[in-house]
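Structure at a glance
Here is what each chain is made of, one letter per residue.
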Amino acid sequence: MNRIRIAPGDAYPVPLPMTLIGAVVEGRANFLAAAWVTRVTLKPPMMLAALGSHHTNRGIEEHGEFSINVPDVALLAKTDYCGIVSGRTKDKSRLFEVFFGALAHAPLIADCPLVMACRLAEKVALPGDTLYIGEVVEAFAAEHALTEGRPDLRKIDPFVLSMPENRYFRIGEPVGRAWSAGKALSG
Ligand SMILES: Cc1cc2nc3c(=O)[nH]c(=O)nc-3n(C[C@H](O)[C@H](O)[C@H](O)COP(=O)(O)O)c2cc1C
């Protein structure tokens, strides 16, 4: 394999999941698009969102609660809009039908096939960004997105971000079983 040195800043894990992070700011639901989001612990379930300094952060900081909403491809344009427009200047609260579960300040998007309400557990300040780590205290999935009661990737129909290409992709075909495909090499 021929190796070419590339700019360190161009090396992303591919792909990145597209999500909408929600919080209540000045009494109003606000959502931003976020791709730098990942699950970090199994038990309790904890998620991490790496955020720059945005309007949404104010709600997370004030209430210690936020939501992570996984949009499907049908919500691509609205999701992108939430990533290019700030709640500082535009009201994004009416873009989606919103509901609340156990956490009064974690606005959940009714049309998203998978949504999580998170309680802020930890905050890590990095140069330029803050890592918000939240415990998932409640999660909902659309009935059509479940197989045997659990979220099913193909039914969720999420989209992912490729950087530095800055393009969204739909998920492709399954190519192997995890915690299983490697067994053939164990001798
Ligand atoms: C595709 C895409 C992915 C983004 N991912 C992130 C991210 O992971 N973290 C972040 O802080 N901002 C991210 N942004 C930028 C914010 O969504 C954007 O600045 C937004 O307008 C902030 O909204 P707010 O000011 O209403 O909170 C992303 C934007 C786009 C278009």
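Below you will find a few notes about this structure. These numbers were taken from a predicted model, which means no experiment stands behind them.

Parameters and conventions
- Residues numbered from 1 in each chain as written.
- Predicted model: local features only at pLDDT ≥ 70, side-chain atom pairs only at ≥ 80, totals over all residues.
- Heavy atoms only, no water.
- Salt bridge = Lys/Arg side-chain N within 4 Å of Asp/Glu carboxyl O.
- Helix = DSSP H or I, 4+ residues; strand = E, 2+ residues; numbered from the N terminus.
- Buried < 20%, exposed > 50% of the residue type's maximum accessible area, 1.4 Å probe, protein only.
- Near = heavy atom within 4 Å.
- Areas by Shrake-Rupley, 256 points an atom, 1.4 Å probe, with all protein chains shown as cover.
- 1 Å grid on protein atoms, 1.4 Å probe; cavity = no way out; pocket = protein on both sides within 12 Å on 5 of 7 lines; lining within 4 Å.
- Sits in = over half its atoms within 2 Å of the grid points.
- Nonpolar A, V, L, I, M, F, W, Y, C, P; charged D, E, K, R; others polar.
- Disulfide = S-S within 2.5 Å.
- Core = buried A, V, L, I, M, F, W, Y, C linked by side-chain atoms within 4.5 Å.
- Contact = heavy atoms within 4.5 Å.

Quick look at the pattern of salt bridges
Enumeration over the complete set of coordinates arrives at 6 salt bridges. A salt bridge links Glu61 to Lys123, with the nearest nitrogen and oxygen atoms 2.7 Å apart. One end of the pair, Glu61, is in helix H1 (residues 55-63); the other, Lys123, is in strand S9 (residues 114-125), and 62 residues separate them in sequence. Glu61 gets classed as partly exposed once you look at its relative accessible area, which sits at 40%. Lys123 gets classed as partly exposed once you look at its relative accessible area, which sits at 45%. Ionic pairing is found between Asp91 and Arg94, a salt bridge with its closest N-O pair at 3.6 Å. Since its relative accessible area comes to 33%, Asp91 is described here as partly exposed. Through salt bridges that share partners, Arg28, Asp91 and Arg94 make up one connected network.

Some points on the site of the ligand
Residues in contact with the ligand amount to 22 residues; listed here are only the nearest, Ala33, Gly52, Thr56, Ser86 and Gly87. For the ligand, whose accessible area on its own is 650 Å², the fraction buried by protein is 84%. With respect to the pocket detection grid, the ligand is positioned in the second largest pocket. Every element with two or more residues in the shell around the ligand is listed here: strand S3 (28-34), strand S5 (46-51), H1 and helix H2 (76-84). Tallied by class, the residues present in the shell around the ligand amount to 12 nonpolar, 8 polar and 2 charged.

Some thoughts on the state of the cysteines
Where two cysteines share a covalent bond between their sulfur atoms, that bond is called a disulfide. For the coordinates displayed, the defined rule picks out 0 disulfides. For Cys82, which is in no disulfide, the shortest distance to another cysteine sulfur is to Cys112 and amounts to 9.5 Å. The exposure class assigned to Cys112 is buried, which follows from its relative accessible area of 5%.

Observations concerning the nonpolar core
Of all hydrophobic cores here, the largest spans 19 residues; its most connected members are Ile21, Val37, Leu51, Ile60, Ile68 and Met116. When contributions to this core are tallied by element, the ones reaching two or more residues are strand S2 (19-25), S3, S5, strand S6 (65-70), S9 and strand S10 (130-141). Leaving out residues up to four positions away in the same chain, Ile21 has contacts with Asn30, Phe31, Leu32, Ala34, Val37, Ala49, Thr56, Ile60, Phe66, Ser67 and Ile68.

Structural notes on unusual backbone geometry
A cis amide bond, omega -5°, links Lys43 with the succeeding residue Pro44. Relative to the helices and strands, Pro44 is located in the loop between strand S4 (37-41) and S5. In this structure, Glu148 takes a positive phi of about 50° despite not being glycine. Along the chain, Glu148 falls in the loop between strand S11 (146-147) and strand S12 (150-151). Of note, Asp157 is a non-glycine position whose phi angle comes to about 55°, a positive value. Along the chain, the position of Asp157 falls in the loop between helix H3 (153-156) and strand S13 (159-162). In this structure Asp157 comes out as partly exposed when scored by relative accessible area, which is 22%.

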